[in-house]
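Below, each chain spelled out in residue letters.
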Amino acid sequence: MKIWQISREYASLAEAGGVKNVVCSLCEGLHKMGHDVTLFIPLYGCSDLSLVHNYQILKDSEITISVGNKEFLVSFATGFINNIKILFVVSSCFTEKLGVYTYTLEEEIQNPNFIRGQGHIDAVENEIMFQKSIVEYAKKYNDFPNIVHCHDATTALIPVLAKNFEKSFSTVNFIVTIHNAGP
């Protein structure tokens, strides 16, 4: 079975809370069972690529994603960690971030409006862009899995966005797991 895991965190790659461990264990466990597993995750400025093998930006992968009146230039990159295919959503709105969800001390020093430990001021826009990017990736590459597992509220709109392209996603099943019932 072809399974996509969608998350903003992953153990040893982009760490923030406990979701990273759950997603990593699910990916590795499903892979060991013989499933074709791909993790979709943003590429952050804090992403640790030291364990990523065969990292490469996909040729001609640039797309523009609109969120409200703002446009985001997005491209995609791939790599592997422990035989799990990682598909990175690459956009400056993530690569400029030094923390997955919150500002770091370094960012606060660079800009006093970015208070360490507080959430990114553009979080909602970036989360919508990330989710739209995954739907656009599927369309662009005509690549549709059997199951899409969306982890936490930061990915929970993907099933709704996919319904706009119902024919293409007609055989795709969606799972949404809310790990933290925060704001």
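Note that this is a predicted model, so its numbers are computed, not measured.

Draft legend 1. Molecular detail of the side chain of Glu 9. As for its position among the elements, Glu 9 is in the loop between strand 1 (2-6) and helix 1 (19-32). Buried charge without a salt bridge: Glu 9, with Lys 20 as the nearest opposite-charge side chain at an N-O distance of 5.6 Å. Polar contacts involving the side chain of Glu 9 include one to the side chain of Tyr 101, which spans 2.9 Å. Setting aside residues up to four positions removed in sequence, Glu 9 forms contacts with Ala 14, Ala 16, Gly 17, Gly 18, Val 19, Lys 20, Val 23, Ile 41 and Tyr 101.

Draft legend 2. Seen up close, the pairing of strand 2 (residues 36-42). A large share of strand 2 lies buried, amounting to 6 of its 7 residues. Summarising the sheet, strand 1 and strand 2 pair through 5 bridges and their orientation is parallel. Bridge pairing in strand 2 places Gln 5 opposite Leu 39. This β-α-β element, strand 1 to helix 1 to strand 2, shows right-handed connectivity. Note: strand 2 against strand 6 (residues 84-90), 5 bridges, orientation parallel. Across the sheet, Leu 39 pairs through a bridge with Ile 86, a residue of strand 6.

Draft legend 3. Inspection of a nonpolar patch on the surface at higher detail. On the surface, a cluster of nonpolar side chains totalling about 250 Å² of accessible area is made up of Leu 49, Tyr 55 and Ile 57. Its place among the elements puts Leu 49 in the loop between strand 2 and strand 3 (53-57). The exposure class assigned to Leu 49 is partly exposed, which follows from its relative accessible area of 32%.

Draft legend 4. Quick look at helix 1. Compared with an ideal rise of 1.5 Å per residue, which puts 14 residues at 20 Å, helix 1 spans 20 Å between its outermost C-alpha atoms and is within 8% of the ideal. Within helix 1, burial applies to Val 19, Lys 20, Val 23, Cys 24, Cys 27 and Leu 30. For helix 1, the buried positions fall inside an angular range of 140° around the axis, keeping them on one side. In this structure, helix 1 carries Ser 25 and Lys 32 as exposed residues pointing more than 90 degrees from its buried face. Contacts from the buried residues of helix 1 go to strand 1, strand 2, strand 6 and strand 7 (147-151). A positive backbone phi angle near 100° is found at Gly 34, which sits one or two residues after helix 1.

Draft legend 5. View of helix 4 (residues 123-141). The end-to-end C-alpha distance of helix 4 is 27 Å, a good match for the 27 Å that 19 residues give at a rise of 1.5 Å each. Positive phi appears at Asn 142, one or two residues downstream of helix 4, with a value of about 45°.

Draft legend 6. Structural detail: unusual backbone geometry. One non-glycine residue, Ser 12, lies in positive phi territory at about 75°. Tracing the sequence through the fold places Ser 12 in the loop between strand 1 and helix 1. At Asn 82, a residue that is not glycine, the phi angle is positive and equals roughly 50°. Among the structural elements, Asn 82 can be located in the loop between strand 5 (70-81) and strand 6.

Draft legend 7. Quick peek at the nonpolar core. Within the largest apolar cluster, 51 residues are counted, with the highest numbers of intra-cluster contacts made by Tyr 10, Ile 41 and Phe 88. Look past the residues within four positions of Ile 41 in its chain and what remains in contact with it is Ser 7, Arg 8, Glu 9, Tyr 10, Leu 13, Ala 14, Ile 86, Leu 87, Phe 88, Val 89 and Phe 130.

Draft legend 8. Fine view of the pattern of salt bridges. This model, assessed by the stated rule, comprises 7 salt bridges. For the salt bridge of Glu 125 with Lys 70, the shortest nitrogen-to-oxygen distance reads 3.4 Å. A residue pair is termed long-range when its members are at least 10 positions apart, and Glu 125 in helix 4 and Lys 70 in strand 5 qualify at 55 residues. With a relative accessible area of 33%, Lys 70 lands in the partly exposed category. The salt bridge partner of Glu 108 is Arg 116, with a shortest N-O separation of 3.9 Å. Glu 108 sits in the partly exposed class, given a relative accessible area of 25%. Taking the relative accessible area as the measure of exposure, Arg 116 reaches 52% and is therefore exposed. Residues joined in a network through salt bridges with shared partners are Glu 96, Lys 97 and Asp 122.

Parameters and conventions
- Residues numbered from 1 in each chain as written.
- Predicted model: local features only at pLDDT ≥ 70, side-chain atom pairs only at ≥ 80, totals over all residues.
- Heavy atoms only, no water.
- Helix = DSSP H or I, 4+ residues; strand = E, 2+ residues; numbered from the N terminus.
- Buried < 20%, exposed > 50% of the residue type's maximum accessible area, 1.4 Å probe, protein only.
- Lys, Arg positive; Asp, Glu negative; His and termini not counted.
- Salt bridge = Lys/Arg side-chain N within 4 Å of Asp/Glu carboxyl O.
- Polar contact = N/O pair within 3.5 Å; in protein donor to acceptor, adjacent residues only side chain to side chain.
- Contact = heavy atoms within 4.5 Å.
- Pairing = 2+ DSSP bridges.
- Right-handed = clockwise from strand over helix to strand, strands pointing away.
- Patch = residues over 30% accessible without salt bridge, like charges linked within 9 Å, V, L, I, M, F, W, Y side chains within 5 Å.
- Areas by Shrake-Rupley, 256 points an atom, 1.4 Å probe, with all protein chains shown as cover.
- Expected span 1.5 Å × (residues − 1).
- Arc of directions from axis to C-beta.
- Core = buried A, V, L, I, M, F, W, Y, C linked by side-chain atoms within 4.5 Å.

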